[in-house]
Amino acid sequence: MTNILIIARKEIQEGLRNRWVLATTLLLAALALTLSFLGSAPTGNVGVNRLDVVIVSLSSLTIFLVPLIALLLSHDAIVGETERGTMLLLLSYPIGRSEVIFGKFLGHLAILAFATAIGYGAAAGALTVTGSEIAADSWRAFLSMVASSVLLGAVFLAIGYLTSTLVGERSTAGGIAIGIWLFFVLIYDMALLGGLVAAKGQAVPALALDLLLLANPTDVYRLLNLGSGNAGALSGMGGIAAHSGLTAPVLVAALTLWTIVPLGWATVIFSRREV
Amino acid sequence: MTATVSTAGVSKRYGAVQAVKDVSFTLNAGETIALVGHNGAGKTTLIKLMLGLIRPTTGTISVLGEDPARGDFHVRQRLGYLPESVSFHMALTGRETLSFYARLKRVTLSSADALFERVGLAQEAADRPVRTYSKGMRQRLGLAQALLGEPRVLLLDEPTSGLDPALRRNFYDLISDLRAAGATVLLSSHALTELEDRADRVIIVDRGIKIADGTLDELRGIARLPTRIGVRLADTGPTPGWTRGGTEWKGSASGLFEANVAPEDKIALLHDMTADPSRLAALSVAEPTLDELYAHFLKGQSPT
């Protein structure tokens, strides 16, 4: 356990030094603040709780940005160190291969959690300061949105490490990371939508749709945050969520599984690798 | 002498490439060993095998009584390694880098700090990012991390490449200290001359095969390389008359005569020559250089 913390600490130290932490926090805060003030303009003050609007906007922001940041942090983690020659030295130390991966995961997750909490927290804080009244329910939904954003980040960190252990060159890892991002964030949903349109209104079995949604972590995240409560009504996701048998615990479990499987796979491959 | 590292019949194959073939040797405590060979001769592979980073295809390796590939971390705590062209995380300072490695080896940070002085890295340089370091400074930092935790076995892969002569001397002084403290030091190098007679023992590898193993004197004895004797006669005459052991003199236009003499004839021939000092104007005796010795062993190995 100590070794994992030592590695995590070094990753955070590096993240602070090369401005990764600063850049991601500022980016998330700037976009979150912009969305929360510009985004509320169309709704005006028609009784809708303003934080609920923010939750909808920030969830969409998360789906685009958090996987991208996570993949940028993680795709280089193993192959980059191997290429630069620092991995050889590290592995000659009394440390297990799995500890290297878990340590990096923990460090990167801490960076991501910090950036998300501060960035999104700034938006919520600004709303409070400008005098909006916010119901306790909305606060709860906001907190679970931030927490699940970090969980979505964990999923893509794990996928990034898997890419990083599988490939032999940094540039390949970078290309694959962008491909993964495009696939899960843009292409998958378009293809799913296209498929539903092509089915010409024929009822798709609920179970099949559930499985299709679980197969993409960003859809799992979307259902989790936009599927219920006020956010569901605002985003229009409530309709899908109502027909689906996917409850919040199932969705959280799906995201957790999406983290554990790629991370475990990466560990197994990395442990067998000869450097 | 106690053995710290021993390999028995070790081979390593990467696909079709046979990187190391049937290598056996034993390294002892308090011994400095030079592992010499061309680039690609299998030196780095041997070091990686001793570190347990890769597993041998056949054969066994034991480091401090354990199989290094089994992942026994106690052994690695007593092992120091300096990779060829060492690199670090550029954004961190030298001190942060060394602290990181010290934590991994469970070494107190104060003793890590003391290493900066030992390798000759100034305190103000220790707080600068590694990005700003020169090659020599990086090499010193690399050496500092290898020395963490007073290792009993040090594996240094081409440690002096890129160091200026002053640094190199400083480096060899450090090695002498470590040897006195009873550590096994393995230095790899692609040239025998680099070692400046610092090693107790030399192991020469070529294309994955161990082709020589012994002290420099032993290797000289095995190689039986001739000593070159040069002489200038006091009176300009024909070829010198000394012919012990079938010595053949070659003259040059400047009046200098040279001959290659087998080691066992050397003393006797010199005795003959100096019997009448008045005949000699100048005399020089050149022992075979390390380069010649190295070339001899590599030549014996090349396919005919």
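Residues numbered from 1 in each chain as written. Chains lettered and ligands numbered in written order. Predicted model: local features only at pLDDT ≥ 70, side-chain atom pairs only at ≥ 80, totals over all residues.

(A) Inspection of the overall build of chain A at higher detail. If you tally the helices and strands in chain A, you get 13 helices and 0 strands. Secondary structure elements in chain A, listed N-terminal to C-terminal, are α-α-α-α-α-α-α-α-α-α-α-α-α. Counting across all 275 residues of chain A, residues that qualify as buried make up 43%. A fraction of 84% describes how many contacts in chain A between residues 6 or more apart in sequence connect residues 24 or more apart. (Helix = DSSP H or I, 4+ residues; strand = E, 2+ residues; numbered from the N terminus. Buried ≥ 20, exposed ≤ 12 C-beta atoms within 10 Å, placed from the backbone. Contact = placed C-beta atoms within 7 Å.)

(B) Summary view of the overall build of chain B. Scanning chain B for helices and strands turns up 10 helices and 13 strands. Seen through its C-alpha atoms, chain B measures out along the principal axes to roughly 75 × 45 × 35 Å. Per-residue burial for chain B yields a buried fraction of 36% across its 304 residues. For chain B, the share of sequence-separated contacts (at least 6 apart) that also reach a separation of at least 24 residues comes to 70%.

(C) Region of interest: the pairing of strand β8 (residues 201-206) of chain B. All names here are of chain B. Here 4 bridges tie strand β3 (residues 32-36) to β8, and the two strands are oriented parallel to one another. Along β8, the bridge assignment pairs V36 with I204. Here β8 runs beside strand β9 (residues 209-214); their pairing, made up of 5 bridges, is antiparallel. Its bridge partner lying in β9, I204 is registered against A212. (Pairing = 2+ DSSP bridges.)

(D) The sheet that holds strand β4 (residues 58-63) of chain B, seen in detail. Residue and element names in this part refer to chain B. One open sheet holds the 3 strands; their spatial order is β2-β1-β4, and the pairing between them is antiparallel. Of all strands in the sheet, those bounded by a partner on one side alone are β2 (17-28) and β4. Shown here is a sheet whose adjacent strand axes are inclined to one another by a mean of 20°, direction ignored. Looking at chain direction, strand β1 (residues 3-14) and β2 are connected through 8 bridges and run antiparallel. Residue pairing for β2: K12 is matched across the bridge by V20. (Axes fitted to C-alpha atoms, helices over the stretch in contact; angles between N-to-C directions.)

(E) The arrangement of the sheet that holds strand β7 (residues 184-189) of chain B in detail. Residues and elements named next belong to chain B. Taken together, 6 strands build an open sheet; the order of strands is β5-β6-β7-β3-β8-β9 and the sheet is mixed. Here the strands that pair on one side only, and so sit at the sheet edges, are β5 (79-82) and β9. Put simply, the sheet's adjacent strands are angled 15° from each other on average, direction ignored. When β3 meets β7, the two strands line up parallel, connected through 5 bridges. When the sheet's bridge partners are listed, V36 is paired in β7 with S189. Here helix α6 (residues 135-146) sits on the sheet in contact with β5 and β6 (153-157), set at roughly 165° to β5. In the packing of helix α8 (residues 216-223) onto the sheet, the strands contacted are β8 and β9, and the crossing angle to β9 comes to about 110°.

(F) Quick look at the interface of chain B and chain A. With 22 residues of chain B in contact, the opposing surface of chain A contributes 20 residues. Elements represented by at least two residues in the side of chain B that touches chain A include exactly α2 (73-77) and α3 (94-104) of chain B. The dominant element in the side of chain B that touches chain A, judged by the number of residues it contributes, is α3 of chain B, at 5 residues. For the side of chain B that touches chain A, the residue count by class is 13 nonpolar, 5 polar and 4 charged. (Nonpolar A, V, L, I, M, F, W, Y, C, P; charged D, E, K, R; others polar.)

(G) How the structure looks around helix α6 (residues 97-129) of chain A. For α6 of chain A, built from 33 residues, the straight-helix expectation of 48 Å at 1.5 Å per residue is met to within 8% by its first-to-last C-alpha distance of 47 Å. Looking one or two residues past α6 of chain A, G131 of chain A carries a phi angle of roughly 90°, positive in sign. (Expected span 1.5 Å × (residues − 1).)

(H) Highlighting the pairing of β5 of chain B. Residues and elements named next belong to chain B. Side chains L79 and Y81 project from β5 onto one buried face, and the interleaved G80 and L82 project onto a second face that is buried too. Here 4 bridges tie β5 to β6, and the two strands are oriented parallel to one another. Bridged to L82 within β6 is L156.

(I) Summary view of the packing of helix α1 (residues 2-17) of chain A against α6 of chain A. Residue and element names in this part refer to chain A. Contact pair α1 / α6: the axes reach a minimum separation of 7 Å and the direction vectors enclose 45°. In terms of orientation, α1 and α6 fall into the oblique class. Between α1 and α6 the crossing geometry is right-handed. Residues N3, I4, I6, I7, A8, E11, I12 and G15 of α1 pack against E99, V100, F102, G103, K104, L106, G107, H108, A110 and I111 of α6. Split by residue class, the contact of α1 with α6 holds 10 nonpolar, 5 polar and 3 charged. (Parallel < 35°, antiparallel > 145°, perpendicular 65-115°, else oblique. Left-handed = near helix turned anticlockwise from the far one by under 90°.)

(J) Molecular detail of the packing of helix α2 (residues 20-38) of chain A against helix α3 (residues 50-74) of chain A. Residue and element names in this part refer to chain A. At a minimum axis distance of 10 Å, the contact between α2 and α3 shows a crossing angle of 155°. Relative to α3, the element α2 is oriented roughly antiparallel. Viewed along their axes, α2 and α3 form a crossing whose handedness is right-handed. Touching T24, L28, L31, A32, L35 and S36 of α2 are V54, S57, L58, L61, L65 and I69, all from α3. Looking at the contact of α2 with α3 residue by residue, the class counts come to 9 nonpolar, 3 polar and no charged.

(K) Fine view of unusual backbone geometry. All names here are of chain B. The phi torsion at D22 lies on the positive side, around 50°, for a residue other than glycine. Relative to the helices and strands, D22 resides in strand β2. Judged by local crowding, D22 falls into the partly exposed class, with 15 C-beta atoms found within 10 Å.

(L) Examining the environment of A112 of chain B more closely. Residue and element names in this part refer to chain B. As for its placement among the helices and strands, A112 is situated in helix α4 (residues 109-118). Spatially, the C-alpha atom of A112 lies 8.9 Å from that of L147, the residues being 35 residues apart in sequence. Each residue touching A112, except ones within four places of it in the same chain, is listed here: L98, S99, A102, V107 and L148.

(M) Looking closely at the environment of R13 of chain B. All names here are of chain B. Tracing the backbone shows R13 in strand β1. Residue R13 is classed as partly exposed on the basis of its C-beta count, with 14 C-beta atoms lying within 10 Å. Sequence spacing of R13 and A122 is 109 residues, and the spatial spacing of their C-alpha atoms is 43 Å. Residue contacts for R13: discarding those within four places in its chain leaves Q18, A19 and T57.

(N) Structural context of the environment of T193 of chain B. Residues and elements named next belong to chain B. The topology assignment puts T193 in the loop between β7 and β8. Along the chain, T193 and T289 lie 96 residues apart, while their C-alpha atoms are 8.1 Å from each other. With sequence-adjacent residues up to four places away left out, T193 is seen in contact with L290 and D291.

Read these as geometric descriptors, not functional statements.
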